[in-house]
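The residues making up each chain are set out below.
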Amino acid sequence: MIRRYWNINLEEMMKAGVHFGHGTRKWNPRMAPYISAKRKGIHITNLTRTARFLSEACDLVFDAASRRKQFLIVGTKNKAADSVARAAIRARCHYVNKKWLGGILTNWSTTETRLQKFMDLRMEQKTGRLNRLPKGDAARLKRQLAHLQTYLGGIKYMTGLPDIVIIVDQQEEHTALRECITLGIPTICLIDTNCDPDLADISIPANDDAIASIRLILNKLVFAICEGRSSYIRNP
């Protein structure tokens, strides 16, 4: 895999607060190699290492996108949800930005059934059939449609397991990460100072609580994905 230049700027990361970790009492000792200092009771992430692993992740997703691989971006906490949806839509990726429903990946046959039900209900709504049903039945199906839209709307066009999963918060998305590990799906994970850096295939040490930090990391990754997709179009 050819290494590329992704314009990962340390000053830009500092402005986004990527280097701020958790309090020194709330940390995982395995993160020690990724921590450069302590300041006012919090750990400071080594941004040189962040840049290195982010660059490796960008190389990986570029290469995968150039081979038409499919991506899933997962980030369900409030601070990440909007950034995840915007990034995924921009790069034509699947995404989950609300509650992760256990078994989305490991029980894929059930997920497929839910997705088919979702698409059927969307079609019934679009054609007006729902409005022609008795009020009670229509209300029940509309509630079901709203539920499916909330939790599965970002993966409604996913026809199989993703090739790579990008996870914004390892602690928050531990169920999704475990499903990927079980299935052998490669993962890229943002890890704060309270995380285990050995769980994901590529761990990017970064502040996973600040919106600006999350947005910056995702923007770099989706830019690389978009570049990879363009590379495929130019060289079919």
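Residues numbered from 1 in each chain as written. Predicted model: local features only at pLDDT ≥ 70, side-chain atom pairs only at ≥ 80, totals over all residues. Heavy atoms only, no water.

- If you check an unreviewed UniProt entry, the chain appears there as Small ribosomal subunit protein uS2c from Vernicia fordii.
- Per UniProt, the chain carries the Sequence similarities (unreviewed entry) text "Belongs to the universal ribosomal protein uS2 family." (UniProt positions renumbered as here; feature names shortened; annotations may be inferred.)

## Re the nonpolar core
Thought 1: Ile 73 and Ile 188 are the most contacted members of the largest nonpolar core, which totals 72 residues.
Thought 2: Shared between two domains, this core takes at least three residues from each, and those domains are domain 1 (23–105 + 163–234) and domain 2 (108–153).
Thought 3: Among all residues touching Ile 188, those that are not within four sequence positions of it are Ala 57, Leu 60, Val 61, Ile 164, Val 165, Ile 166, Ile 167, Ile 202, Ile 204 and Leu 221. (Core = buried A, V, L, I, M, F, W, Y, C linked by side-chain atoms within 4.5 Å. Buried < 20%, exposed > 50% of the residue type's maximum accessible area, 1.4 Å probe, protein only. Domains from an automatic or database assignment. Contact = heavy atoms within 4.5 Å.)

## Quick look at the environment of Gln 125
Thought 1: For Gln 125, the location among the structural elements is in helix α4 (residues 108–127).
Thought 2: Once the C-alpha coordinates of Gln 125 and Ala 138 are considered, the two residues, 13 residues apart in sequence, prove to be 9.6 Å apart.
Thought 3: Among all residues touching Gln 125, those that are not within four sequence positions of it are Leu 130 and Leu 145. (Helix = DSSP H or I, 4+ residues; strand = E, 2+ residues; numbered from the N terminus.)

## Remarks on the pairing of strand β7 (residues 187–191)
Regular strands place their side chains on alternate faces of the sheet.
Thought 1: Counting buried residues along β7, five of its five residues qualify, which places the element largely inside the surrounding structure.
Thought 2: Residues of β7 alternate between two faces, with Thr 187, Cys 189 and Ile 191 on one and Ile 188 and Leu 190 on the opposite face, all of them buried.
Thought 3: With three bridges connecting them, strand β6 (residues 164–167) and β7 associate as parallel partners. What sits directly across from Val 165, in β7, is Thr 187. (Pairing = 2+ DSSP bridges.)

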